[in-house]
Amino acid sequence: MWKSLHNDIDHTRIPGVTLLLVLWIGICAGSVALVPSDQCTRVAAEFNTLYPGSVRANRSEEFIFHYRPIKGEAVRVWVSSPTNDSQRPLMFVVQQQQGVMSWQVPLVLRAITGVSYLYRDVSRTLCCLDVERPTSKFALKSPSQLRRMAAHATLEEKHFTVTVTTQSPSNVSYELRVTENSQFLLQSGIKYMFNATPSQPQFFVYEFASEEKSVMVNVTSRIENPCSVVSVQDFGCPVNDLDQNVNFAGRYQTMTSQAAITVQKTQQNSMFHLVFVVKTDDFACKGIVPLTPINLSEVVVDYDERVKELEVVITKTISRKVYMYAFVFCCTLFLPFYLVAFVWMCVRQWRTRPQRQPDVCNVKEQRPILEKLSEDDSIPSSLSRDSYGAIGPMVVESPELKARRLRVDWTHASISSSDEDELEDYDTMDDALYDKNIIRSKPCLHVADLARRKHSAMTKKYQIYCWNLVTVGVFYVLPVIQLVLTYQNVLHDTGNQDICYYNFLCAHPWGVLSSFNNVFSNLGYFLLGLLFLLIVGFREFSNQMSPHTKGTHSQHELGLPKHYGLFYAMGFALIMEGLLSACYHVCPNYSNFQFDTAFMYIIAGLCMLKLYQKRHSDVNANAYKAYASFAVIIFFAVLGVVVAKRAVWFWILCTMVHILASLALSFYIYHMANWHFSIAIFKYIAVHFYNDCIRRCTRPLYMDRFILLVIGNIFNWSYAIAGLLIRPRDFDSYLLGIFMSNLLLYSAFYIIMKIRSGERILLVPMLFIILATVAWGAALYFFFQGLTSWEKTAAQSRERNKPCILLQFFDHHDIWHFLSSIAMFLSFMVLLTLDDDVDLVSRDKILVF
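Quick caveat, the model's predicted, so the values are computed rather than measured.

**Focus: the packing of helix H10 (residues 455-494) against helix H14 (residues 593-615)**
Argument step 1. It is the contact of H10 with H14, at a shortest axis distance of 11 Å, that shows an interaxial angle of 170°. Comparing the axis directions of H10 and H14 gives the class roughly antiparallel. Packed against H10, whose contacting residues are Tyr462, Tyr465, Leu469, Gly473, Tyr476, Val480, Leu483 and Val484, the element H14 presents Gln594, Phe595, Ala598, Phe599, Ile602, Leu606, Leu609 and Gln613 at the interface.
Argument step 2. Class assignment for the residues of the contact of H10 with H14 results in 13 nonpolar, three polar and no charged.

**Some words on the packing of aromatic side chains**
Argument step 1. Throughout the structure, instances matching the rule amount to 55 aromatic pairs.
Argument step 2. Taking 6.1 Å as the distance between ring centres and 65° as the angle between the ring planes, the aromatic pair formed by Phe204 and Phe276 counts as edge-to-face. Remark: Phe276 occurs in strand S19 (residues 271-278) and Phe204 occurs in strand S14 (residues 202-207); sequence separation between them is 72 residues.
Argument step 3. Judged by its relative accessible area of 3%, Phe204 falls in the buried class.
Argument step 4. Phe276 sits in the buried class, given a relative accessible area of 1%.
Argument step 5. Ring pairing ties together the aromatic residues Tyr323, Phe327, Phe329, Phe334, Phe337, Trp510, Phe516, Phe520, Phe809, Phe810, Phe818 and Phe825, which thus form one cluster.
Argument step 6. It is Arg320 that lies over the ring of Tyr323; its NZ or CZ is 5.2 Å from the centre.

**Some words on unusual backbone geometry**
Argument step 1. A cis geometry characterises the amide bond from Val105 onward to Pro106, with omega recorded as 5°.
Argument step 2. Mapping Pro106 onto the fold places it in the loop between strand S6 (100-105) and strand S7 (107-110).
Argument step 3. Going from Asn225 to Pro226, the amide bond is cis rather than trans, its omega being 0°.
Argument step 4. Of note, Pro226 is situated in the loop between strand S15 (214-220) and strand S16 (228-234).
Argument step 5. With phi around 50°, Arg727 is a residue other than glycine that occupies positive phi space.
Argument step 6. The topology assignment puts Arg727 in the loop between helix H18 (703-726) and helix H19 (731-756).

**A short note on the pattern of salt bridges**
Argument step 1. As enumerated under the stated definition, the model contains 16 salt bridges in all.
Argument step 2. The partner of Asp241 in a salt bridge is Arg124, with the nearest N and O atoms 2.8 Å apart. Linking Asp241 in the loop between S16 and strand S17 (251-255) with Arg124 in strand S9 (residues 121-125), this pair joins segments that are 117 residues apart in sequence.
Argument step 3. Residue classification places Asp241 among the buried positions, given a relative accessible area of 1%.
Argument step 4. Between Arg798 and Asp498 there is a salt bridge whose closest N-O contact spans 2.5 Å.

**Observations concerning the pairing of S6**
Argument step 1. Residues Met101, Trp103 and Val105 line the buried face of S6, whereas the alternating positions Val100, Ser102 and Gln104 sit on a face that is not buried.
Argument step 2. Here six bridges tie strand S5 (residues 90-95) to S6, and the two strands are oriented antiparallel to one another. Residue Met91 lies in a different strand from S6, and its bridge partner there is Gln104.
Argument step 3. With antiparallel pairing between neighbouring strands as the criterion, S5 and S6 make up a hairpin whose turn holds four residues.

**Section: the side chain of Asp596**
Argument step 1. Secondary-structure assignment places Asp596 in helix H14.
Argument step 2. At 14 Å, Arg800 is the nearest oppositely charged side chain to Asp596, a buried residue that forms no salt bridge.
Argument step 3. At 3.1 Å, the side chain of Asp596 forms a polar contact with the side chain of Ser581.
Argument step 4. In contact with Asp596, other than residues within four places in its own chain, are Glu577, Ser581, Tyr584 and His585.

**Digging into the packing of helix H13 (residues 565-586) against helix H22 (residues 812-833)**
Argument step 1. As a packed pair, H13 and H22 sit with axes 11 Å apart at the nearest point and diverge in direction by 170°. Taken as axis vectors, H13 and H22 run roughly antiparallel relative to one another. Of the residues in H22, those touching H13 at Phe567, Met570, Leu574, Ser581 and His585 are His813, His817, Met824, Phe828, Leu831 and Leu832.
Argument step 2. Residues of the contact of H13 with H22, tallied by class, amount to seven nonpolar, four polar and no charged.

Calculation notes
Residues numbered from 1 in each chain as written. Predicted model: local features only at pLDDT ≥ 70, side-chain atom pairs only at ≥ 80, totals over all residues. Heavy atoms only, no water. Axes fitted to C-alpha atoms, helices over the stretch in contact; angles between N-to-C directions. Helix = DSSP H or I, 4+ residues; strand = E, 2+ residues; numbered from the N terminus. Parallel < 35°, antiparallel > 145°, perpendicular 65-115°, else oblique. Contact = heavy atoms within 4.5 Å. Nonpolar A, V, L, I, M, F, W, Y, C, P; charged D, E, K, R; others polar. Phe/Tyr/Trp six-rings, centres within 6.5 Å; stacked < 30°, edge-to-face > 60°. Buried < 20%, exposed > 50% of the residue type's maximum accessible area, 1.4 Å probe, protein only. Lys NZ or Arg CZ within 6 Å of the ring centre and 35° of its normal. Salt bridge = Lys/Arg side-chain N within 4 Å of Asp/Glu carboxyl O. Pairing = 2+ DSSP bridges. Lys, Arg positive; Asp, Glu negative; His and termini not counted. Polar contact = N/O pair within 3.5 Å; in protein donor to acceptor, adjacent residues only side chain to side chain.

Next comes the structure, spelled out in structure tokens:
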């Protein structure tokens, strides 16, 4: 059956079927030929050779590079194209064993201002992990010798490919060159020079030596522009070396002409990448926004005008021994103050030691003495045993016996007084209310006229200054510590070293602190503040034990009123200033500068209050009003940080408050607190001005006081108007200048009036005045060196950075801390000892000025 069927087949139809099959195959082949296929041209390329070419859509070129890498060298790929078509750019893809890198030409980078910049020349360094430091026997060789010697230490042969593609339908020309970077591995102590642009970043590798724990990367440039970024990133691939991603890894700083980063060696990584990127504009470094309107759709073509010439040197940092030497230096610097103070207190105690006197409470010891004195007719007969209760003739007392009897009466009076009586008499003046206005209106006032209140009540009043300051200081400093430590953690977590304005050329880290030396140098404020508290405590104890300061009435007491509450407050303020200054230097910047100056306002205010309180004991301001005034001042300081530069209304308000406050305070001081310090005082000022200056012109009753207040008002009004016209950005320093200038003016007036009144300045206070003047002069010299400036950007601030000048550990600002703490301590000692010459003068003979 199968055979018959086979025989029935028509063999004449076979050629036709074959023809149809051949025709179908040809049509398919032709259709395939009509579809364009991707053409890839492969080229075996060599280093240091320029390869021009062109590509279009579906046509690419691939360059294959075979090389045997040398340790310490890297590969750099440079490409260029004349095209400006950012919609269909050239794509360059580099394939390595460690990964893939790609970029486009023209390269488009967007600036912070939103403007896009187009670059047609791009150069990138390929990430390489085959890096090894040359052995120690090559350390003293020249770079050319090192390259020849390292040629024998090559690694296994490797290859990478560079593929060029585009989506443009027309041909796009380009140029390609691959070179070797023989300076890829940096060496310590050697200066390297190179160029970088926004589209041609540079990065290098540094490997720590076995004995190195940390190094400092010091980068400089002869020109400030263009703005650039220096970044330290962990060793590994990929490397973030473009403006768009350099901030995403490691630690970085913006730079104009100088930058410095301290890098510490870690157990996880003994190598790091050092990356240099040039910014597309200068806003990050200068903070200046273009005045012309910005067109975000505009694309600016950069013709390689932003070229940055850079120099980098990596140096070793200080050893742990230097930290120890710095600690010993601080102890050695301030220990002599304690020794001299101890000797001085011992000598003073010996010179003012009281003579042995009879115990008024021991009758058995008093009786023989009284009998002997009675026999010699040295005391009245009423004090003898035989004539007790009898009325006899009056006997004139000698001055020595009178003073002794007054001490006995004072002792009995003090023993009979109780705490309840003192509380009832606290801060009152019941015995002088009827005549206080008459007394204070005398043309010639004496200290006894303004020291009529009970001594114990006034002592409690001034002790409030100290305890209030301690309470305010504790509540103020705790949030400050938390805030600055948060700043420090943010710096470590983000790597943005523009947050804190250090002197990076002399910033020695320790623990979590990035600049330990600036924090540690504030130790002097704490040590000298504590020493001042000890000296004040000794003076108070010595004064209580002294027989010359006891009496029954203020007019019979000697010297100025001895109230030490303000002195204690000044000592605690100096300690708090050191603590807050240390907190500020944990991360100094524009936002927390007020921490460094807050207690400077208080110190200056307390010094002026103490100078005024010396001879105006009854009319000095109480602690609550004084600290309320300080709170208002600090509020203005905080407000000035936010709006001082921009808001004109703020400066108008500050000028008005400054002028009106000076006027009201002058009126209050001139009339010895006869008028209450309130808003109604301006009404009294207008009335007195009309009566004394317009209605009839009268001579001022207190000429010296009037001259001081006129000079003070002229200065303060001029200062306020100058601030309104200039409007400095550093409002805190401007405000501090007001306080310090007024303190200096009032101190000079006090000393001049003291000499004019016939009083003397003893040797000890004179020595303190001279030493304080010298210390302030030297301190201000180092202060005005200006190592940083948060009024500018972080990059501009680093232009002022300078190396350490003392023990390779302390910079100019650290020396300012040392000298200013000494100067403040000596100034406090001036206030403490200035009136020692009147300690034995009756208060009704000491003038008030």
